[in-house]
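Observations on chain architecture
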Amino acid sequence: MRIWESFGSEHSMDLILIGRFEAVENAKQAVEKMEALKTLADAEWSDDSWQDHDERMPETLRQGLFKLELYEMGRFDVDNYVYEHKVERNKTDVRIWTDESEVQGFLKVLINLGARVEVFSRHEWNEDGTRRIATEE
């Protein structure tokens, strides 16, 4: 049995981010950029990278972000793409599922391409917008 005696995330946010675009092309670009960010992140961080306290941005990552024209993103925004998540597109909507509470990297891609963004936890809400758990008053 493992006893947790620290502050931290249990990685159980069960968040959904929905980016709604006016054009299908922008939604496609968002998915393409997120796939490229996942590749960049996987190449930069190994399983023991959390032990590395060097917070400078690696040159390969800087060049990758420059190529993707994601100038406002930093090293920690790319971290989002290392962790377990799922991205799907349906016409002009892009849905992202993650258990992480840090979602800035996803938001920056969606907003950069003009999305209107909705974020909610599936602990409280169903994907159709109905309340999952009755509230107590």
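All of the points below concern the structure found in this document. This structure is a prediction, so every number in the text was calculated from the model and none was measured.

Description of the packing of aromatic side chains
The final tally for this structure, using the stated rule, is two aromatic pairs. On the numbers, 5.5 Å between centres and 65° between planes, the contact of Phe 66 with Tyr 71 is edge-to-face. The class of Tyr 71 is exposed, set by a relative accessible area of 54%. Between the NZ or CZ atom of Lys 86 and the centre of the ring of Trp 97, over which it lies, the distance is 4.5 Å.

Focus: the sheet that holds strand β2 (residues 85–90)
As summarised here, the arrangement of the four strands in space is β2-β3-β1-β4, forming an open sheet in which the pairing is antiparallel. Every interior strand has two partners, whereas the edge strands, β2 and β4 (116–121), have only one. The average undirected angle you get between the axes of adjacent strands in this sheet is 15°. Note: strand β1 (residues 15–20) against strand β3 (residues 93–98), six bridges, orientation antiparallel. For Ile 16, the partnering residue across the bridge sits in β3 and is Trp 97. Across the face of the sheet, helix α4 (residues 104–112) comes into contact with β1, β2, β3 and β4 while running at roughly 155° to β4.

Considering the nonpolar core
Counting 27 residues, the largest nonpolar core has Leu 37 and Val 109 as the members making the most contacts within it. When residues of this core are traced back to their parent elements, those giving at least two are β1, α1 (24–44), α2 (59–67), β3 and α4. In terms of residue count, the dominant contributor to this core is α1 (seven residues). The contacts of Val 109, once residues within four sequence positions are left out, are Ala 30, Lys 33, Met 34, Leu 37, Leu 70, Met 73 and Tyr 81.

Definitions and limits used
Residues numbered from 1 in each chain as written. Predicted model: local features only at pLDDT ≥ 70, side-chain atom pairs only at ≥ 80, totals over all residues. Heavy atoms only, no water. Phe/Tyr/Trp six-rings, centres within 6.5 Å; stacked < 30°, edge-to-face > 60°. Buried < 20%, exposed > 50% of the residue type's maximum accessible area, 1.4 Å probe, protein only. Lys NZ or Arg CZ within 6 Å of the ring centre and 35° of its normal. Pairing = 2+ DSSP bridges. Helix = DSSP H or I, 4+ residues; strand = E, 2+ residues; numbered from the N terminus. Axes fitted to C-alpha atoms, helices over the stretch in contact; angles between N-to-C directions. Contact = heavy atoms within 4.5 Å. Core = buried A, V, L, I, M, F, W, Y, C linked by side-chain atoms within 4.5 Å.

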